[in-house]
Amino acid sequence: MDTSQTLIVPASSGNATPRIRKTVLLVASGPLQGREFPIEKDAFVIGSAPNADLRLEDSSVSRRHCEIRADERGYGIADLESTNGTFVNGVRIASAFLNPGAEIQLGTTRIVFSPTMEARELQISPSECFGGVLGRSVAMRRVFYIAETYAPTDASIMITGETGTGKEIMAEEIHRHSARAAKPFVVIDCAALAKDLIESELFGHVKGAFTGAASDRPGAFEYANGGTVFLDEIGDLAPELQPKLLRVLEKREIRRVGTNAVQKVDVRIICATNRRMDAEVEEGRFREDLFYRLCVVNFEIPPLRRRKEDIPLLARKFVSDLHGSDALDEIADFDAAMEVLRRHDWPGNVRELRNLIDRAFYSPSRPIDLTACLHAGRLVKARAPDSAIEAMKVDDAIGNRPFKEEKAELVDEFERKYILKLLKRNDGNVSKSSREAGIERAYLQRLIKKYGIEN
């Protein structure tokens, strides 16, 4: 649906900042009938939760029911995996663009989307980079604007985005642009640590606290004192540890495993996840009070398929970083290759692009054809090796990159193939598929959305 003619305001001469029409939501029916609610935020949440931007006291409306977002394309609405669904012009949607006059139905409430004639600017950075993170697209320059604004503060930040978009690199750059840059930046991967070790990793332990605790050991928060702790995959944090992390945020103190002695710490927390944390809160897997403490500032790093104009910039950077400043000369018709790469959907995001370029330079052929390597990584994993020689090639490809990168890529490939076969076996029926797989329907829907599977 094209919204540009009605919602996007042409930039004035000499002003490249995108402008978008201001909008109000008119409640046409329901308990708040006749009320108007202006959308003054980039992300506007409607639901029954007390802190929703538009709160509807309706038992048929989920706590965080849907969200309206503004970007350089206009206004879009996304259902936040609500129980009873979000309807636009009578059609149940997962996400959609909003045209003037569109009617949104949530429970017993009907809302009319009404842009005004006034306009507001979408704030973007004038820079095409934030430290080592690159992007000339409007979507990335909006991310840079937020990072530039809040990096110098001590605000807790939650970075969301798909696997491979560069969340950890962004977190480290925020640390480097803060007053804590000279102090440690400590990374904890909540998904990679065993549940019986993560408390010790975070808070440390004293000698004898458990079998194998031969001496006192500080945890991540002590190591990072004065600096930043980056909690990757925060959605995987065990429920029993969530109140302890909340205590760190509220009281700035920790207690090592095996002792009641309390220690003060001065740390900033940045976290990242590829999960929908509002859904985790809604389903009771993540504490709501902790979520809002961690999510003082929240932004999403967009997937590469939504910012394909950044591909040439990123490709040049990776070629230079990985193979030297003169390596670009070894590529056959770089501009033509970029046109082909723009047509790819990049399920592995920026990481997939980096790996493609790295893989291409190991080919003995010169000049290098980047497009010939586009699907090579997935083809190796798409079938079992036909011979012992091919099996050796697969084994040789393992262990050449960081553990986390290779693990994430293999897990993503497994999940995508599993969901495709599961849905095919059940004729696309999500409820039946979730029962067969033994997973929650909402989680299956998240996986379907994550991998862009047309159901």
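Cut-offs applied
Residues numbered from 1 in each chain as written. Predicted model: local features only at pLDDT ≥ 70, side-chain atom pairs only at ≥ 80, totals over all residues. Heavy atoms only, no water. pLDDT = per-residue confidence, 0-100. Contact = heavy atoms within 4.5 Å. Pairing = 2+ DSSP bridges. Helix = DSSP H or I, 4+ residues; strand = E, 2+ residues; numbered from the N terminus. Axes fitted to C-alpha atoms, helices over the stretch in contact; angles between N-to-C directions. Buried < 20%, exposed > 50% of the residue type's maximum accessible area, 1.4 Å probe, protein only. Arc of directions from axis to C-beta. Salt bridge = Lys/Arg side-chain N within 4 Å of Asp/Glu carboxyl O. Core = buried A, V, L, I, M, F, W, Y, C linked by side-chain atoms within 4.5 Å.

Draft legend 1. The confidence of the model for the protein, seen in detail. Of the residues in the protein, 88% have a pLDDT of 70 or more, and the chain-wide mean is 84. Contacts from residues 377-394, a stretch scored under 50 in pLDDT, to residues over four places away or in other chains number 16 contacts.

Draft legend 2. Up close: the sheet that holds strand β21 (residues 297-300). The five strands are arranged β16-β17-β20-β15-β21 in an open sheet whose pairing can be described as parallel. Bordering the open sheet on either side are β16 (185-189) and β21, each of which pairs with just one other strand. Neighbour-to-neighbour, the strand axes of this sheet turn through a mean angle of 15°, independent of strand direction.

Draft legend 3. Examining helix α6 (residues 242-251) more closely. All buried positions along α6 are accounted for by Q242, L245, L246, V248 and L249. The buried residues of α6 occupy one face: seen down the axis, they fall within an arc of 155°. Those residues of α6 that are buried lie in contact with α4 (195-203), α5 (220-223), β17 (228-232), β18 (253-255), β20 (268-273) and α8 (288-294). Positive phi shows up at R252, right after α6, with a value of about 55°.

Draft legend 4. Structural detail: the pattern of salt bridges. Using the criterion set out here, one finds 30 salt bridges in the structure. Across the pair D154 and R180 runs a salt bridge, and its minimum N-O distance is 2.9 Å. Residue D154 is located in the loop between α2 (138-150) and β15 (157-160), and its partner R180 is located in the loop between α3 (167-176) and β16; the two are separated by 26 residues in the primary sequence. Classification of D154 by relative accessible area gives partly exposed; the value is 47%. What makes R180 buried here is its relative accessible area of 8%.

Draft legend 5. Quick look at the pairing of β15. Burial along β15 is two-sided: I157 and I159 facing one way and M158 and T160 facing the other are all buried. Of the strand pairs in this sheet, β15 and β21 are connected by four bridges, and their pairing is parallel. Note on β21: the bridge partner recorded for T160 is E300.

Draft legend 6. Region of the structure containing the nonpolar core. One finds L202, F221, L231, I234, L245 and L294 to be the most contacted residues of the largest nonpolar core, which totals 32 residues. At the level of secondary structure, the elements contributing two or more residues to this core comprise β16, α4, α5, β17, α6, β20, α7 (277-282) and α8. By residue number, the principal contributor to this core is α6, which donates four residues. If near-sequence neighbours (up to four positions away) are discounted, I234 is found in contact with M158, C190, L245, C271, A272, T273, M277, F286 and L294. Membership of the second largest hydrophobic core comes to 25 residues, among which are V61, I77, A102 and F113.

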